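# Summary of structural features
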Amino acid sequence: MAHATVILIVPILSFFQPKTMFSTSLTSGQPEVIDALRLHNVLWITKHESRVILFWNNNLTKEETEKYTVKYILSYKFFNSTHERKERLQEKKKIIHLELYSGFNAKVKTQLFAKETEDVIKESGWTEFIYKAPPVYIQNLSCIIYNTSFFNCTWHITEEAPEDIQIFVSHRHVGKDFKCQQYIKNARKKNIGCHMKEMYFQPSRKINLNITVRDLINNSSGLSYCKAFTPQRIEKLNPPINVSVSLENRSIKIHWKPPPTIGSASNKCFLYQVKITDHKIVDVAEEKYEYPFHKPAKTCAAQVRAKKEICIRNKIWSEWSEPVFIDDKKTVDAMLLSLLFCLLLFLGSLLICACRRFRCLEVITMPVPHPSDNIKTWLAADEAHHQKPMSVEMEMHSEVGLDVREVNGDENMQRPKHLKEYGLQDLWG
């Protein structure tokens, strides 16, 4: 079913008569150009938008328009805003989205440029006007996306708002309309927020939030306002994940991983902040940070948070990650190990220097010299001297043994003869 469209045209001429201003010649010899700017405002309200179309015109002739390049300077500032917006246009109209502003101040002037050099030939004075829109009963509107699929909006109702009004919101994204799933109410049961979950967002497509103010007693449709958001600009990231801390070479090394996001997950898109106990918060563009320490605290905690900064500017920081602690015992143990290693390295260096100084290594590794010929001759003679008596002695022992065996053999043969003579041969053997 097609939505009904309400078009309200409000001519500003009934409230403000345009001024006629005369410009002064910027180049000698050129005729003055009289520029009567006739401004018209049209308020065009539909179901999903609230905008003002600003028109203006001048009294230049066709020949003058063809001879020069005509451009317009438009400057406008919303009520309750300090930011003045300034644009140079070639068209004679400007669409101004009111969003949640109740009006604006605007001014416009005409400039003529030489077509060959693009130098300013003439310009008119400013023509000013004020546009007042219906009152806005909402302020401090804020919307965020978190956990990649949750969408929250909150606002305040002004004190001037009628007692019987109620606020309703919906949003349009990627060609689809979504109504608020759950309203947040104040003590007077007025809607001051909206919570939606399980939403899918395309990071480059805008979210058009439509706000409708209704009078419940008269059951009127009331006023509608529209506010547009870029999803990546309002995304509140989760804290970085897998945060770890280690001690190496008298330094605290912190590592982490980026959180999930609806936009680009490239490492170049994120900006991080690291917070260490008793130290200043530092900005880090990488997924690591190293901090040298000399006298660590008894309890050292490290935390990290993130936001989008490079790919698209986002002002919303994530919450801090859970603190990761390093107790003093581990710190002292690491320091002692480091000191012990340095001491051993120092002593080893001293020992090497001392050995080089006193040539200890040369003495230890010196080869055994070969004996001279005289020593070899002496050793051979001495060995022969000892071997000769031993051979004589061995010969003597062998001769004695033979003699004994021979003597014993003769006695054995002669003994039976003597026994036979005495009749005792039976006793032998």
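## Observations regarding the overall build of the protein
Counting its secondary structure elements, the protein contains four helices and 26 strands. Counting all 429 residues of the protein, 32% fall into the buried class. Considering only intrachain contacts with a sequence separation of at least 6, the fraction spanning at least 24 residues in the protein is 60%. When the accessible area of the protein is evaluated, it comes to approximately 28800 Å², of which 56% is carbon and sulfur surface.

## A few points about the sheet that holds strand β21 (residues 251-257)
Taken in spatial order, the three strands make up an open sheet running β20-β21-β24, and their pairing is antiparallel. The sheet terminates laterally at β20 (241-248) and β24 (288-292), the two strands that pair on one side only. With direction set aside, neighbouring strand axes in the sheet form an average angle of 15°. Alignment of β21 against β24, held across five bridges, turns out to be antiparallel. Within β24, the residue paired with Lys-253 across the bridge is Glu-290.

## Comments concerning the sheet that holds strand β16 (residues 191-196)
Note on sheets: strands pair through backbone hydrogen bonds, and any given pair is parallel or antiparallel. Spatially, five strands are ordered β15-β16-β12-β11-β19 in an open sheet, and the strand pairing comes out mixed. Where the open sheet ends on each side, the last strands, each with one partner, are β15 (182-185) and β19 (235-236). The pairing of strand β12 (residues 150-157) with β16 spans four bridges and is antiparallel. From the neighbouring strand, Asn-152 faces β16, where its bridge partner is His-195.

## Considering the confidence of the model for the protein
On average, residues of the protein score 75 in pLDDT, and 67% of them are at 70 or above. A low-confidence stretch, residues 1-38 stays under pLDDT 50, and its non-local contacts, those more than four residues away or across chains, total 79 contacts. Confidence over residues 330-335 falls short of pLDDT 50; this stretch has 10 contacts with residues more than four positions distant or in other chains.

## Re the pattern of salt bridges
Two side chains that carry opposite charge are able to pair once their charged atoms sit near each other. This structure, assessed with the given rule, holds eight salt bridges. The salt bridge partner of Glu-99 is Lys-227, with a shortest N-O separation of 3.1 Å. With Glu-99 in the loop between β7 (93-97) and β8 (103-114) and Lys-227 in strand β18 (residues 220-229), this pair connects stretches of sequence that are 128 residues apart. The exposure class assigned to Glu-99 is partly exposed, which follows from its relative accessible area of 22%.

## Re unusual backbone geometry
Outside of glycine, negative phi angles account for most residues, and trans bonds account for most peptide bonds. The phi torsion at Asn-80 lies on the positive side, around 60°, for a residue other than glycine. Among the secondary structure elements, Asn-80 is positioned in the loop between β5 (68-78) and β6 (85-89). Overall, Asn-80 belongs to the exposed group, its relative accessible area being 82%. Positive phi, close to 60°, is recorded for Glu-118, a residue that is not glycine. Position of Glu-118 relative to the elements: it lies in the loop between β8 and β9 (120-123).

## What to know about the environment of Arg-214
Tracing the backbone shows Arg-214 in strand β17 (residues 207-215). Linking Arg-214 and Phe-168, residues 46 residues apart in sequence, is a C-alpha distance of 7.9 Å.

## Considerations on the pairing of strand β11 (residues 138-146)
In this structure, β11 lies alongside β12, joined through seven bridges in antiparallel fashion. By the bridge assignment, Tyr-146 is partnered in β12 with Phe-150. Adjacent in sequence and paired antiparallel, β11 and β12 are bridged by three residues, among which Asn-147 carries a positive phi angle near 55°. Alignment of β11 against β19, held across two bridges, turns out to be parallel. Residue pairing across strands places Tyr-146 opposite Lys-236, the latter belonging to β19.

What counts and how
Residues numbered from 1 in each chain as written. Predicted model: local features only at pLDDT ≥ 70, side-chain atom pairs only at ≥ 80, totals over all residues. Heavy atoms only, no water. Helix = DSSP H or I, 4+ residues; strand = E, 2+ residues; numbered from the N terminus. Buried < 20%, exposed > 50% of the residue type's maximum accessible area, 1.4 Å probe, protein only. Contact = heavy atoms within 4.5 Å. Areas by Shrake-Rupley, 256 points an atom, 1.4 Å probe, with all protein chains shown as cover. Pairing = 2+ DSSP bridges. Axes fitted to C-alpha atoms, helices over the stretch in contact; angles between N-to-C directions. pLDDT = per-residue confidence, 0-100. Salt bridge = Lys/Arg side-chain N within 4 Å of Asp/Glu carboxyl O.

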